[in-house]
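# Geometric and topological summary
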Amino acid sequence: MTISTILKGAAAATALVATPLAANAQEFINILTGGTSGVYYPLGVGLSNIYGENIEGARTQVQSTKASVENMNLLQDGRGELAFALGDTVAMAWEGNADAGFTAPLDQIRGIAAIYPNYIQVVASAESGITEFADLAGKGLSVGAPASGTELNARAIFVAMGMSYDDLGKTEYLPFAESVELIKNRQLDATLQSAGLGVASIRDLASSIDINVVAIPTETAESLGAPYIAATIPAGTYDGQEEDVSTVAVSNYLVTHAGVSDDLAYQMTKLLYENLDTLEANHMAAADIKIENALEGMPIPLHPGAERYYREQGMID
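Residues numbered from 1 in each chain as written. Predicted model: local features only at pLDDT ≥ 70, side-chain atom pairs only at ≥ 80, totals over all residues. Heavy atoms only, no water.

## Overview of the layout of surface pockets
In this structure, the largest pocket encloses a volume near 400 Å³. The wall of the largest pocket is formed by 22 residues, among which Pro227, Ser251, Tyr253, Glu296 and Gly297 lie closest to the centre. Listed by contribution, the elements that provide at least two residues to the lining of the largest pocket are helix H4 (87–95), strand E4 (109–125), strand E9 (228–233) and strand E10 (245–257). Residue composition of the lining of the largest pocket, grouped by class: 15 nonpolar, four polar and three charged. (1 Å grid on protein atoms, 1.4 Å probe; cavity = no way out; pocket = protein on both sides within 12 Å on 5 of 7 lines; lining within 4 Å. Points joined across faces, edges and corners; volume = space filled by probe spheres on them. Helix = DSSP H or I, 4+ residues; strand = E, 2+ residues; numbered from the N terminus. Nonpolar A, V, L, I, M, F, W, Y, C, P; charged D, E, K, R; others polar.)

## Side note on the packing of aromatic side chains
In this description, an aromatic ring pair is defined by two values, namely the gap between the centres and the angle between the planes. Taken as a whole, this structure holds eight aromatic pairs when the rule is applied. Considering the side-chain rings of Phe133 and Phe158, the 5.2 Å spacing of their centres and the 65° angle between planes classify their relative orientation as edge-to-face. With Phe133 in the loop between E4 and strand E5 (140–142) and Phe158 in helix H5 (residues 149–160), this residue pair connects regions lying 25 residues apart in the sequence. For the pair Phe133 and Phe158, a shared accessibility class is recorded, and that class is buried. Arranged with centres 6.2 Å apart and planes meeting at 0°, the rings of Tyr273 and Tyr309 form a pair that is stacked. You can see Tyr273 sitting in helix H9 (residues 262–274) and its partner Tyr309 sitting in helix H11 (residues 304–312), a full 36 residues away along the chain. By relative accessible area, Tyr273 is classed as buried at 10%. On the accessibility criterion, Tyr309 (5% relative accessible area) is buried. Through a chain of ring-to-ring contacts, the aromatic side chains of Phe133, Phe158, Tyr165 and Tyr173 assemble into a single cluster. (Phe/Tyr/Trp six-rings, centres within 6.5 Å; stacked < 30°, edge-to-face > 60°. Buried < 20%, exposed > 50% of the residue type's maximum accessible area, 1.4 Å probe, protein only.)

## A short note on unusual backbone geometry
Along the chain, Ala226 connects to Pro227 via a cis peptide bond; the corresponding omega equals 10°. As for its position among the elements, Pro227 is in the loop between helix H8 (219–224) and E9.

## What about the environment of Gly87?
Looking at where Gly87 falls in the secondary structure, it is placed in helix H4. Beyond its immediate chain neighbours, meaning those up to four positions away, Gly87 contacts Val250, Ser251, Tyr253 and Pro299. (Contact = heavy atoms within 4.5 Å.)

## Considerations on the environment of Gln187
Structurally, Gln187 is set in the loop between helix H6 (176–184) and strand E7 (190–195). Accessibility expressed as a relative area gives 44% for Gln187, which makes it partly exposed. Remark: the alpha-carbon pair of Gln187 and Pro217, spanning 30 residues in sequence, is separated by 27 Å. Other than its neighbours up to four places away in sequence, Gln187 contacts Lys170 and Leu182.

This is the structure:
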């Protein structure tokens, strides 16, 4: 989708006059994230602190959720002001993809920024003997919480690999932390997690038992098409991972809704980019957030407040 298409139908840009970072008295900012052992949550905590300290009168809250799909539905209902979500989930929400958990198009969601990529990370206990994706056949795998962004990614990966959940010996639909605990207890062989590099759950697993990080072949990205891209999990990302591992990735987005004021959306966007160093202290995934990528692949209309910030930066004519 082109930027001109994204902007079509959006409200005209407000005047490009700098305004102080002030919000209406007691303006509430609820940040929708994911499980506490993932990446969304610590980054949400970081943003909550940044906004609470820099937006006058704002009260912030971080809500742990089932992540992308739930977050989009909550935003549509006005039950949050900012949310993290995977790009393919955002696109399906806008379209109203029923199979993905959206009974109708979510016409109230609006874009803030493309942030960091989620890497599809398949990790197995070394004891399981799983060293490549095909070895998952007959084994026990957790594919993420039901209808979560991770689970939607898992479905797509299995199709691209010419497999299905039916090929597994056991399929669990569990959040990251619970998946890891079952592997530690030898009740499960592997977990598929769509997250930023260095996700706490896999770091925890790798520090507890010997693991294999399972490759997803580079050509899988071509089979999947946009928004998936080929990616690499660098050697040393997790304890015991001595080599680079090929995989696929999909961009994450920060999303708001049309009912959020232009001024607040502007402030949330501006403060994000002015505090990336602080945000990186909450999680290393923030190192991949670049303003030059902010509009890349945006699958929904920008919020006018975010649009205003990008115009100021010369990114939109």
